[in-house]
Every structure is written in C-alpha cells, then in structure tokens.
Amino acid sequence: MKKTYVLLFSMLIACCCFSSKSYAQIPRIPEASSTQTIIQDFGLGKVTVTYSRPNVKDRKIFGGIIPYGEVWRTGANAATVITFSEKVIIEGNPVPAGTYSLFSIPNKNEWTIILNKTVKQWGAYSYKQDQDFLRFTVKPIRVSEKRETFTMAFVNSTTKSTDMVLVWDKTAAYIHMETDDDAKITANIDELMKGDRKPYYFNAIQYYYENHKDVDKALGWVYEAEKIEPKGPWYKLWESRLLLRKGDKAGAIAAAEAGIALANADKDEEYARLNQEALDQAKQ
C-alpha cells in the first residue's frame, strides 16, 4: 500500500511539473510597429480596423520611405484590415458588409484609397489589382502638429456618418463614410413603440430630432414621456428644441425655462447648461 501511495504521489508531481511547463509563457519580443484595433459603432453596425503603427524616427515619410505613386499597406507589417458588419457608403460608393484589405497610393496632392478583396496579406508584396473591390481618391491635407506614430481614428461620428482619418508625420487624409440604415432604424423605432415605450422614448426622440424627421411625432413622444417622468429636465430640453424647429419660439422658451428649473432642483448641472443653451437659442 505504501508503495502505491509513493507511486501516485510521484505521478502527481510529474503531472504538475508537466502542466506548469505546458502553460509557461513563451518569451516575447515587442514589434517595432505596434498593432492596434479600433472599433466604431456605426448606424446599426460596427466598423473594425486592425493595423500596425510605424513611427517617423527622423525619416522623410511621404515621398521618402513611402514613395509617391506606389501601393502602400497603410501601416506596417500585415496589410491593414477593415471590416463592416453592415453595408456602408464610402465617399459615395456603396460597400457591402464584409472584410477587406485597406491599401493606399499616396501622392503629394491626391491619395488613392483601395479596398481589396484578399485579406491576410503581408505588406503589399502579394497585392493584386484585379482583386480590388473599390478605388477612390481623397485629398491629403497638411497638419501643423507632427504625429510621430501612424494613427487611424474615427472622428465627426453621428448616427448617419463618420470620417476615418489617417494621419502620420504632418500629413492627414480623411475618408467619409455614411450609413444607409434610416429606413431600417425607423422601422425598428416603430416596432419598439408598439410595446412598453418607456425605455425607448429618449433614443427615439433624439434620432428623430437629429435626422430631421417628423417633428409632431417626436413631440408626441416627448409629451407622453413627460407624463411618466414629470421631473426629467431632459425631456424639456427636447421639447424646447422641437418646438423651436416648428417655429414656436414662445413654447420653446417656456420649455427650456421649465427644464432649467427642474435641473436646478435636482442639482443637475449638465441639463441646466443644455436647457440654458436651448433657451439662449430660442431667444435669438
């Protein structure tokens, strides 16, 4: 029996040692150009970009290490990859949902932006033009502040549009994108409003206001919501904004003043400020 215990103990130790070795971390060396993934909610979907970020390192970038007129991976290491979970419109061109490689051809006064159907490419070495899904051009601009690390970001984002900016050294290029989801979003709002409306009033009102849709319909939701939350200064804000859009300045002023009073009573500085802004606008 004692020998059995010794044998079992030895086997347990061996297993533990094997397990610890199996799960030991493999030594890593950082990439000179770090990888970044950015995700932007867009309409009913998302845009996801994965790219590597080279640095200037006292080099001449465009027209230097990135020659004018040649296909660039738009980053470093593997070619940049962009994924659209829903269809989008890029610089006026419809693009179906899917994943694409993002290449570019920088020139001094114009960049060609390329969506290529072949993904998982290393650099642009195996790039094939016959696999392009789309090409379009944008105008680069010179920026005053030097950007050491190549950066991609989404700016100017709304429910209907966004700009993806590429910036490195003192050069930036903006790519404009739009959604084509209005009919679907409106149908979703109509469906949600058939049930318990309380969780959806705010977003529905905001969407109708920002997208210049039926003012009277949105105002109806505001008045319904105010009955449920009579102390909510946020609904007075939307009431003021919508009444002003209808041309009812007196009503807009009264709503904003009521919103300020509700916000002050609740010590809500943000909505006191927003209602004050609405009041100032209504008084112009």
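Structure's up top.
Everything numeric in this text was worked out from a predicted model, so none of it was measured.

## A few points about the sheet that holds strand 5 (residues 93–95)
Then step 1. Strand order in the open sheet made by the four strands is 5-4-10-9, with antiparallel pairing throughout. Whereas interior strands pair on both sides, the edge strands pair on one side only; in this sheet they are strand 5 and strand 9 (141–155). Sheet twist, expressed as the mean angle between neighbouring strand axes with direction ignored, is 40°.
Then step 2. Of the pairings in the sheet, the one linking strand 4 (residues 88–90) to strand 5 comprises three bridges and is antiparallel in character. Bridged to Ile90 within strand 5 is Asn93.

## Here we look at the sheet that holds strand 7 (residues 111–116)
Hydrogen bonds between backbone atoms are what pair the strands of a sheet, whose relative direction is either parallel or antiparallel.
Then step 1. Taken in spatial order, the six strands make up an open sheet running 1-2-3-6-7-8, and their pairing is antiparallel. Either end of the sheet is taken by a strand with one partner, and the two such strands are strand 1 (34–42) and strand 8 (132–138). If you compare each strand with its neighbour and ignore which way they point, the axes differ by 20° on average.
Then step 2. Note: strand 3 (residues 80–84) against strand 6 (residues 98–105), five bridges, orientation antiparallel. Its bridge partner being in strand 6, Thr83 is matched across the sheet by Thr99.

## With respect to empty space enclosed by the protein
Then step 1. In the structure shown here, the tally under the stated rule is one cavity of 30 Å³ or more.
Then step 2. The calculated volume of the largest cavity comes to roughly 50 Å³.
Then step 3. What lines the largest cavity is simply Phe42, Gly45, Lys46, Val47, Phe84, Ser85, Glu86, Lys87, Val88, Thr179 and Asp181.
Then step 4. If you tally residues by element for the lining of the largest cavity, the top one is strand 2 (residues 45–53), at three residues.
Then step 5. For the lining of the largest cavity, the per-class residue count stands at four nonpolar, three polar and four charged.

## Remarks on the layout of surface pockets
Then step 1. Roughly 330 Å³ of internal volume is contained in the largest pocket.
Then step 2. If you trace the largest pocket, you find 14 residues lining it, with Ile185, Ile189, Asn203, Ala204 and Tyr207 closest to the centre.
Then step 3. For the lining of the largest pocket, the secondary-structure elements that each account for two or more residues are helix 2 (182–192) and helix 3 (201–210).
Then step 4. Take the lining of the largest pocket: its biggest share by element is five residues, from helix 3.

## A short note on the packing of helix 6 (residues 249–265) against helix 7 (residues 269–283)
Then step 1. With their axes 8 Å apart at the nearest point, helix 6 and helix 7 run at an angle of 160° to one another. It follows that helix 6 is roughly antiparallel to helix 7 by the angle criterion. At the point where helix 6 passes helix 7, the crossing takes the left-handed sense. Across the interface between the two elements, Lys249, Ala252, Ile253, Ala255, Ala256, Glu257, Gly259, Ile260, Ala263 and Asn264 from helix 6 touch Tyr271, Ala272, Asn275, Gln276, Ala278, Leu279, Ala282 and Lys283 from helix 7.
Then step 2. Here the contact of helix 6 with helix 7 is built from residues that sort into eleven nonpolar, four polar and three charged.

Cut-offs used in this document
- Residues numbered from 1 in each chain as written.
- Predicted model: local features only at pLDDT ≥ 70, side-chain atom pairs only at ≥ 80, totals over all residues.
- Heavy atoms only, no water.
- Pairing = 2+ DSSP bridges.
- Helix = DSSP H or I, 4+ residues; strand = E, 2+ residues; numbered from the N terminus.
- Axes fitted to C-alpha atoms, helices over the stretch in contact; angles between N-to-C directions.
- 1 Å grid on protein atoms, 1.4 Å probe; cavity = no way out; pocket = protein on both sides within 12 Å on 5 of 7 lines; lining within 4 Å.
- Points joined across faces, edges and corners; volume = space filled by probe spheres on them.
- Nonpolar A, V, L, I, M, F, W, Y, C, P; charged D, E, K, R; others polar.
- Parallel < 35°, antiparallel > 145°, perpendicular 65-115°, else oblique.
- Left-handed = near helix turned anticlockwise from the far one by under 90°.
- Contact = heavy atoms within 4.5 Å.

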